[in-house]
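What the coordinates show
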Amino acid sequence: MPAPSLKACGATKTVTGPAVFRLKEHTRRLLDSAKIYRIEVPYTLEQLIAAQVELVRVNHLRSCYIRPIVLRGYGQHRRVALRQSHRGLPGLLGMGQVPRRRGPGQGVDVAVSSWTRIAPNTLPALAKAAGNYMNSQLVRMQAHLDGYAEGIALDESGKISEGSGENIFVVRDGKIHTPPMASSVLPGITRDSVITLARELDIPVIETQIPREMLYIADEVFFTGTAAEVTPIRSVDKISIGSGRRGPITERLQKAFFDVVTGHAPDKHGWLTPVPAAEPVPA
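Fair warning: this is a prediction, and the values are worked out from it, not measured in the lab.

In regular strands, side chains alternate between the two faces of the sheet. In the sheet, strand β2 (residues 9-14) pairs with strand β3 (residues 17-21) via 4 bridges, with the strands oriented antiparallel. Following the sheet pairing, Thr14 is matched in β3 by Gly17. Between β2 and the antiparallel strand that follows it, β3, lie 2 residues. Across 3 bridges, β3 lies against strand β15 (residues 272-274) in antiparallel orientation. Bridging across to β15, Phe21 finds its partner in Leu272.

What follows is the structure, encoded as structure tokens:
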């Protein structure tokens, strides 16, 4: 019954040791999501950041997926009801050692889902909240049952929104197109990172509404996300995209992204939060 806000980010093994990618931005989104749902979190941004770094450190993790969760409290009378306390009960839960995934070179096969992305003024798409993922689960389950790796949801106007847990980018004639916030997309941290990297590589990025059929005539299409990172798409609805494998722009962005994440390129944006070495456990 409690309405939780949640977010996830990843720690990755770099050339200088483990580091968490864009921890400040992920944690700010957690607090933003809680605020949208009127949940008061009794910790500061800095305290939550420090707790996550410490959690990775003491568990001796080199690469992992971090999933902090804030649950709404039941309030004074501890009753299950729609009208609940605003006070949040934060916890760092469900963190495990998971290898960082790399997008497959050949790409994945996806399909446009019959399920529509949540409409404006129903559930807040800008909040990363557990309730929103009920919609995502329907998209993902349908795709898997039909033999696809992932589904793409359209918004209420029939324009492209996003995957079940990923933002989407469409490449045509050397330009990258991606749906705007108004298309019911989550403001992905990896999405923002890829947009930044693309512009640094002088690749034009246009945030605009994208019709479904644009997918079929695109030169390249790819997903971004904390878990997906940068994943190329080779076909949509059994229609081959471009050459049917990862395209050159996707490949350039993958390399630029992974070079920063693994510490092989300068971290000029301050995206990596180093995790101090764990102290030896006493015998």
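Overall, the prediction assigns the chain a mean pLDDT of 86, with 83% of residues at 70 or greater. Confidence over residues 91-97 falls short of pLDDT 50; this stretch has 23 contacts with residues more than four positions distant or in other chains.

Further remarks concern the environment of Ile217. By the secondary structure assignment, Ile217 is in the loop between β11 (205-207) and β12 (220-225). Note: C-alpha distance between Ile217 and Ser240 (23 residues apart in sequence) is 9.0 Å.

Attention shifts here to the nonpolar core. With 22 residues, the main nonpolar core has Ile176, Phe222, Leu253 and Phe257 as its most contacted residues. Among the elements that take part in this core, helix α5 (residues 248-261) stands out by supplying 7 residues, more than any other. Not counting chain neighbours up to four residues away, the residues in contact with Ile176 comprise Phe169, Val170, Val171, Ala198, Ile203, Pro204, Val205, Ile206, Ile249 and Leu253.

A few words now on the pairing of strand β7 (residues 150-154). In terms of burial, β7 is largely enclosed, as 5 of its 5 residues are buried. Side chains Glu150, Ile152 and Leu154 of β7 all project onto a buried face; the interleaved residues Gly151 and Ala153 project onto the opposite face, where all are buried too. Where strand β6 (residues 108-116) and β7 come together, 4 bridges link them in parallel fashion. When the bridges of β7 are listed, Thr116 appears paired with Leu154. Traced from β6 through helix α3 (residues 133-145) to β7, the parallel crossover comes out right-handed. Relative to strand β8 (residues 160-163), β7 is paired through 3 bridges, and the arrangement is antiparallel. When the sheet's bridge partners are listed, Ile152 is paired in β8 with Gly163. Counting the residues between successive antiparallel strands, the hairpin from β7 to β8 contains 5 residues, one of them, Gly158, with a positive phi of roughly 85 degrees.

Cut-off values and rules
Residues numbered from 1 in each chain as written. Predicted model: local features only at pLDDT ≥ 70, side-chain atom pairs only at ≥ 80, totals over all residues. Heavy atoms only, no water. Pairing = 2+ DSSP bridges. Helix = DSSP H or I, 4+ residues; strand = E, 2+ residues; numbered from the N terminus. pLDDT = per-residue confidence, 0-100. Contact = heavy atoms within 4.5 Å. Core = buried A, V, L, I, M, F, W, Y, C linked by side-chain atoms within 4.5 Å. Buried < 20%, exposed > 50% of the residue type's maximum accessible area, 1.4 Å probe, protein only. Right-handed = clockwise from strand over helix to strand, strands pointing away.

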